[in-house]
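Architecture and fold: a report
Residue-level listing of the chains:
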Amino acid sequence: MVQTPDFMRGDVGYDAAFSLTGLPEIVLVQAKSGDLDRQKLTWFGRRLHKSMLERNVGLGLLVYHDDSGRRFPEFSFPSVISIEIQDLLHRLRSHDLRRVIADQLTEVPE
């Protein structure tokens, strides 16, 4: 039996849902901030992915900010994009959100 950690209690798996012209999928968005670590972000990514499956949604966006400014690598969940908020804001200066998402989906992990 896997117990839900305290930091996940009350979390429904996403904060917003939207559709963008030019993207075939509805996007579920989960935003997290605070004292984060890889384990917590993995839980949030897993929960977002579960919400996507439950709602038959094909794309998830996990936007995060760690209090210590740490950045974490991409997740291994299908169709879940994780991006640090400062990186997202930087990219939005020169591209619209549709392009940022498309770029993230085609980036090759290092």
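The following refers to the structure shown. Keep in mind that what you see is a predicted model, and the values were worked out from it rather than measured.

Thresholds, definitions, all that
- Residues numbered from 1 in each chain as written.
- Predicted model: local features only at pLDDT ≥ 70, side-chain atom pairs only at ≥ 80, totals over all residues.
- Heavy atoms only, no water.
- Pairing = 2+ DSSP bridges.
- Helix = DSSP H or I, 4+ residues; strand = E, 2+ residues; numbered from the N terminus.
- Axes fitted to C-alpha atoms, helices over the stretch in contact; angles between N-to-C directions.
- Contact = heavy atoms within 4.5 Å.
- Buried < 20%, exposed > 50% of the residue type's maximum accessible area, 1.4 Å probe, protein only.

The sheet built from four strands is open, its strands ordered β1-β2-β3-β4 with mixed pairing. The open sheet terminates on both sides in strands that have one partner only, identified here as β1 (16-19) and β4 (80-84). Each adjacent strand pair in this sheet contributes to an overall mean axis angle of 25 degrees, direction not counted. By the bridge criterion, five bridges tie strand β3 (residues 59-66) to β4 in an arrangement that is parallel. Looking across to β4, one finds that Leu-61 is bridged to Ile-81. Relative to the sheet, helix α1 (residues 38-55) contacts β2 (26-34), β3 and β4, its axis offset from that of β3 by approximately 155 degrees. Across the sheet, helix α2 (residues 85-92) lies against β3 and β4, angled at about 90 degrees from β4, the strand it touches most.

Quick look at unusual backbone geometry now. One can expect most non-glycine residues to show negative phi and most peptide bonds to be in trans. At Asn-56, a residue that is not glycine, the phi angle is positive and equals roughly 55 degrees. Note that Asn-56 resides in the loop between α1 and β3.

Before going further, it helps to examine the pairing of β4. Along β4, five of the five residues are buried, which leaves the element largely enclosed by surrounding structure. Of the two faces of β4, the one lined by Val-80, Ser-82 and Glu-84 and the one lined by Ile-81 and Ile-83 are each fully buried.

These figures come from the coordinates and say nothing about function on their own.
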